[in-house]
Each structure stands twice: as C-alpha cells, then as structure tokens.
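The lines below spell out each chain.
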Amino acid sequence: MNASEAAPSAGQGDDLPVVAPQLRALRRRAGLTLEAAARSAGLSPAHLSRLETGQRQPSLPMLLALARIYGTTVSELLGETVADRDAIVRAADMEPTRAGGWTYVQAGGPGRAMQALRVRVPYGTQGDVVRVHPGEEWLHVLRGRLRLRLGDTAHLLGPGDSAHFDSLTPHRLAAEDHDGVELLFVHTLLQSPTATLCLGPLTGELS
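What counts and what doesn't
In this convention, every chain numbers its residues from 1, walking through the sequence in written order. The predicted nature of this model means local features are confined to residues of pLDDT at least 70 and side-chain atom pairs, given and counted, to a pLDDT of 80 or more, with totals for whole chains, interfaces and linings taken over all residues. With hydrogens and water excluded, all non-hydrogen atoms of the structure serve as input to the side-chain values. Relative accessibility under 20% of the residue-type maximum defines a buried residue, over 50% an exposed one, and the middle range a partly exposed one, all with a 1.4 Å probe and only protein chains included. Runs of H or I in DSSP of at least four residues are treated as helices and runs of E of at least two as strands, each being numbered from the N terminus. A pair of strands is labelled paired if DSSP reports no fewer than 2 bridges between them. Here the arc refers to the set of directions running from the helix axis out to each C-beta atom. Axis definition: a line fitted to C-alpha atoms, over the contacting stretch in the case of helices. Angles run 0 to 180 degrees between N-to-C directions. Should any heavy atoms of two residues lie within 4.5 Å, those residues are counted as being in contact. Grouping buried Ala, Val, Leu, Ile, Met, Phe, Trp, Tyr and Cys residues that are joined through side-chain atoms within 4.5 Å yields what is termed a nonpolar core. Roughly parallel here means an angle under 35 degrees, roughly antiparallel means over 145, roughly perpendicular means 65 to 115, and every remaining angle is called oblique. Confidence scores per residue from the predictor, reported as pLDDT, run from 0 to 100.

K.L.:
Let's hear about the pairing of strand S8 (residues 171-175): which residues, and what values?
P.N.:
Remember that side chains alternate between the two faces of the sheet whenever the strand is regular. Counting buried residues along S8, 5 of its 5 residues qualify, which places the element largely inside the surrounding structure. Taking every second residue as pointing to the same face, both faces of S8 are buried, with His-171, Leu-173 and Ala-175 on one and Arg-172 and Ala-174 on the other. As defined by bridge partners, strand S5 (residues 146-150) adjoins S8 across 5 bridges and the pair is classed as antiparallel. Along S8, the bridge assignment pairs Leu-148 with Leu-173.

K.L.:
Can you break down helix H4 (residues 45-52) residue by residue, with the values?
P.N.:
Among the residues making up H4, those that are buried are His-47, Leu-48, Leu-51 and Glu-52. Buried residues along H4 cover an arc of 140° about the axis, so they all sit on one side. Downstream of H4 by one or two residues, Gly-54 has phi in the positive range, about 80°.

K.L.:
Which residues make up the sheet that holds strand S9 (residues 181-188), and what are the values?
P.N.:
Spatially, 6 strands are ordered S1-S2-S3-S9-S4-S7 in an open sheet, and the strand pairing comes out antiparallel. Only two strands of the sheet have a single neighbouring strand rather than two, namely strand S1 (97-99) and strand S7 (162-166). Strand-to-strand, the axes of this sheet are offset by a mean angle of 25°, without reference to chain direction. Across 6 bridges, strand S4 (residues 136-143) lies against S9 in antiparallel orientation. Across the sheet, the residue bridging to Glu-137 is His-187, located in S9. Lying over the sheet, helix H5 (residues 60-70) contacts S1, strand S2 (102-106), strand S3 (114-121), S4 and S9, oriented at roughly 15° with respect to S9.

K.L.:
I'd like to hear about the nonpolar core, residue by residue, with values.
P.N.:
Membership of the largest hydrophobic core comes to 40 residues, with the highest contact counts inside it found for Tyr-104 and Leu-146. The element that contributes the greatest number of residues to this core is H5, accounting for 8 residues. Contact partners of Leu-146, with chain neighbours within four places excluded, come to Leu-139, Val-141, His-155, Leu-156, Leu-157, Leu-173, Ala-174, Val-181 and Leu-183.

K.L.:
Would you mind going over the packing of helix H2 (residues 19-29) against H4 in detail, with residue names and values included?
P.N.:
Two numbers describe how H2 lies on H4: the axes approach to 7 Å, and their chain directions differ by 120°. Judged on the interaxial angle alone, H4 and H2 are oblique. From H2, Ala-20, Pro-21, Leu-23, Arg-24 and Arg-27 reach across to H4, where they touch Leu-48, Leu-51 and Glu-52.

K.L.:
Would you mind going over the environment of Val-119 in detail, with residue names and values included?
P.N.:
Tracing the sequence through the fold places Val-119 in strand S3. Overall, the relative accessible area of 3% leaves Val-119 in the buried class. If near-sequence neighbours (up to four positions away) are discounted, Val-119 is found in contact with Trp-102, Thr-103, Tyr-104, Val-181, Glu-182, Leu-183 and Phe-185.

K.L.:
Could you give an account of the sheet that holds S5, naming the residues involved and the relevant values?
P.N.:
The antiparallel open sheet is built from 3 strands, whose spatial order is S6-S5-S8. At either end of the open sheet lies a strand with only one pairing partner, and these are strand S6 (153-157) and S8. With direction set aside, neighbouring strand axes in the sheet form an average angle of 20°.

K.L.:
So what's going on with the pairing of S4? Residues and values would help.
P.N.:
Relative to S7, S4 runs antiparallel, the two being bridged by 5 bridges. Paired with Glu-136 across the bridge in S7 is Asp-166.

K.L.:
Break down the confidence of the model for the protein chain for me, citing the residues and quoting the values.
P.N.:
The predicted model of the protein chain has a mean per-residue pLDDT of 76, with 76% of residues at 70 or higher. Summarising per-element confidence for the protein chain, the mean pLDDT is lowest in helix H1 (residues 3-6) (40) and highest in S6 (96). Low pLDDT (under 50) marks residues 191-207, which in the prediction has 56 contacts with non-local residues, meaning those over four places away or in another chain.

Have a look at this one:
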C-alpha cells in the first residue's frame, strides 16, 4: 500500500454515496479493466475496488485523475446531471462539493474539453500530494496565497496571480496562510492510456 492509499481519502461527513456505482460504470464504459484503470491512476487494484464498492471515498485528486482516464468530468463521476449544455452556468446552480478537505464547485458546463472549477484549499490539506498527468492546467488566485511547486521550483502566488503549465510537470498546491486560498482552476480532460496521478509526499518541504 502506498502513501496515498494509507491516508484518509476524505474527511468525515464527506459522504458521496453515488460515487461508487458511477466509478465502476464509467470504468466499464471506457473499456478498462480494474487492473488497467488502477495502474493508470497510480492506485492498487484493491484500493480502486474499495472505491468502487463504497468502502473508501476518493479525494479530489483521485476524482480528477479518474475523470481524465475515463474521458469524463468530476460532475459525471459524482452522478451530477445537467439537462442540456447551456453555455451559461448560474451561481445558484453551483453546488459545493467536498473531497479530500477541498471544497469546489463546477464553474463550467459538462461534456467539454476543459473543466472549470472554483476551488477552496484549506491550510494543511494535501500539501504533500504530487500530481503528474497529461494535459494543461490554468489557475488564478482569487483570495489568499497559494504555494505552488512546479518541478523543483516553488512559487508564491497572491490574489490576481495566475499560473498556466503543462500537467506532466510534477506539481503540488498548498495554502500558504491559515485562512486558506480560493482559486479558479481550469484543466483539460484527456482520455489517455498513460494518464497517471502520482500521490504522496515529496522529500522535504516547500521552501
């Protein structure tokens, strides 16, 4: 069992009862075996099986990884449905979701080549989670300060600052201040047999 599987995948009260059947159905729709999907997501088959049977709840990074691998969105993984592909997303329709300590809302429509999220990252959550996957990411700091590591370089971003980078660059995000940080976050959705998400701490801390 690796570090990501040993750590709690979601806080208490983050019940996502519809995720388990959706994960299995979307994996089968993508034509992937349990072993192949788990390998692509950087998980063991046993851990993915526990997610699919509801014995464990996925963190937001896991949901993002699986959405990319299955060629879908986090919304569909969560069982959220939208009647049509309206170009407008109203604030009243943005239901918050919690995963892995983060709070986020869908800020874009489903079924698109990009997924837009509004994300709140509390202090001390997932700061040691390293992500590597195909595609691109863009983020914009709305409130607070973000500590962003890209490869071996650490950046401190404040309100109004943005970052746009290749997602194959190992990256991790953490709130710099105890009040947390709020972001606009856009990433590409790519279905790729080589899509992976590497979870676990890097050696050393952000400097």
